[in-house]
Structure formats: structure tokens, C-alpha cells
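Take a look at the letters that make up each chain.
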Amino acid sequence: MEKRDLCVYTRELAIRAGKEEPELWAERFVEKIANPENERLLKEFEYYLNTGRFLCEYLIKGYTIADIIIWQMDHFKALLDDYKAMNKSNEYNMVLEGFVTMMQMAENPEPLVAKMQSTTGTDFTEKY
């Protein structure tokens, strides 16, 4: 996909996600994800843009983009007890933040893997 088209589609997602300055946010995101070191993640993002589904071929320490988004949703449930988070009922923000997290994970996986293996949401038997 051409970089210009990628920016257009990402800006639309950023608008729907409620990002401040969605055009600038999209430009920064595309600049980073289109970097050659993120080639496999870019393939995942383009697949999502074209199909609305996750390819899940790219793994970091055994985790796919779907795993990251599910973890974020689980973690988000824990935050619901404290405040209204921005991701509530906003699938576009969850997707974009999932890709941002996966880019961070590609750079330095250990801290995020540790969080994913230890932090859960509020859906557990001892909750009530």
C-alpha cells in the first residue's frame, strides 16, 4: 500500500478513535510502522485495513496482535473499577493502541511480556 493511502486510512481510524490531532497522529504512526524494521507489523496493519481482521502471522515472544488487543481489553476491565477509560466501546482506539503496543514490544519485549503474563483484568473467581 502506498504511504499516502496508508496515512489516509490511518487518519480515518484516528478520527474514529477520538485521537487529538488525528492527522498528525496518523502521520507519526505511519512513519514509524512504515519503517523497514517494522515490515512484518506493517503487513499485519495493512491486512487489518483491507479485511477488518487480524492476520496474526507476526509473533513477538509468542504473542500476536490479537493477543495484545485481548490483553489490553482484559487490562481495561481492571481499569473500569477506577475510571472511565478512553478505550471503552471504541474498537478503533483498541486496534490502534494494539499496534502501538506491538511496535513498543518489538523494540523492547521483556517489560510488556512480563505485564501480559502477570496483569489481568477483573474477571476472576475471587472478584466478588
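Please refer to the structure higher up on the page.
What you are looking at is a predicted structure, and each value in this text was computed from that prediction instead of being measured.

Q: Would you mind going over the packing of aromatic side chains with me for this structure?
A: Ring pairs (aromatic) are described by centroid distance and by the angle formed between their planes. Enumeration over the complete set of coordinates arrives at four aromatic pairs. Taking 5.0 Å as the distance between ring centres and 75° as the angle between the ring planes, the aromatic pair formed by Phe 45 and Phe 99 counts as edge-to-face. One end of the pair, Phe 45, is in helix α3 (residues 39–51); the other, Phe 99, is in helix α5 (residues 91–107), and 54 residues separate them in sequence. Joined through ring pairs, the aromatic side chains of Trp 25, Phe 29, Phe 45 and Phe 99 make up one cluster.

Q: What is the right way to look at the environment of Glu 46 in this model?
A: Secondary-structure assignment places Glu 46 in helix α3. By relative accessible area, Glu 46 is classed as buried at 17%. For the pair Glu 46 and Thr 10, spaced 36 residues apart in sequence, the C-alpha to C-alpha distance is 10.0 Å.

Q: Is there a simple way to explain the nonpolar core in this structure?
A: Generally speaking, nonpolar side chains in soluble globular proteins are found buried as a group. Of all hydrophobic cores here, the largest spans 29 residues; its most connected members are Phe 29, Ile 33, Phe 45, Phe 99 and Met 105. Sorting the residues of this core by element identifies α1 (3–17), α2 (22–33), α3, α4 (65–80), α5 and α6 (109–118) as the ones contributing at least two each. Leave out the neighbours within four places in its chain, and Met 105 touches Ile 60, Tyr 63, Ile 68, Leu 112, Val 113 and Met 116.

Q: Hey, could you run me through the packing of α1 against α2 in this one?
A: For any two helices packed against each other, the geometry comes down to the angle between their axes and how far apart the axes lie. Closest axis-to-axis distance for the α1/α2 pair is 8 Å, and the angle between their directions is 130°. With respect to α2, the axis of α1 lies oblique. Two packed elements cross with a definite hand, and for α1 against α2 that hand is right-handed. For the pair α1 and α2, contact is made by Lys 3, Leu 6, Cys 7, Thr 10, Arg 11, Ala 14 and Ile 15 and by Pro 22, Glu 23, Trp 25, Ala 26, Glu 27, Phe 29, Val 30 and Glu 31, respectively. Of the residues that constitute the contact of α1 with α2, the class distribution is nine nonpolar, one polar and five charged.

Thresholds applied
All residue numbers here refer to positions counted from 1 along the written sequence of the relevant chain. Only residues with pLDDT of 70 or above have their local features reported here, since the model is predicted, and side-chain atom pairs are shown and tallied only from 80 upward, although totals for entire chains, interfaces and linings are computed over all residues. No hydrogens and no water enter the side-chain calculation; it runs on all heavy atoms of the structure. Ring pairs shown here join Phe, Tyr and Trp side chains whose ring centres sit within 6.5 Å, with only the six-membered ring taken for Trp; geometry is labelled stacked below 30 degrees between planes, edge-to-face above 60, and tilted in between. Helix and strand assignments come from DSSP, with helices taken as H or I runs of at least 4 residues and strands as E runs of at least 2, each series counted from the N terminus. Exposure is judged per residue with a 1.4 Å probe applied to protein chains only, and the accessible area is read against the type maximum: over 50% gives exposed, under 20% gives buried, and values in between give partly exposed. The criterion is simple. A nonpolar core is a set of buried Ala, Val, Leu, Ile, Met, Phe, Trp, Tyr and Cys residues joined through side-chain atoms within 4.5 Å. Working rule for contacts: check all heavy atoms of both residues, and any pair within 4.5 Å makes them a contact. Think of each axis as a best-fit line through the C-alpha atoms, taken over the contacting stretch in the case of a helix, with angles from 0 to 180 degrees between the N-to-C directions. An angle below 35 degrees is treated as roughly parallel, one above 145 as roughly antiparallel, one from 65 to 115 as roughly perpendicular, and anything else as oblique. Definitions for this section: a left-handed crossing has its near helix turned counterclockwise from the far helix by less than a right angle. A right-handed crossing has that turn clockwise. Here the nonpolar group is Ala, Val, Leu, Ile, Met, Phe, Trp, Tyr, Cys and Pro; Asp, Glu, Lys and Arg are the charged ones; every other residue, Gly included, is treated as polar.

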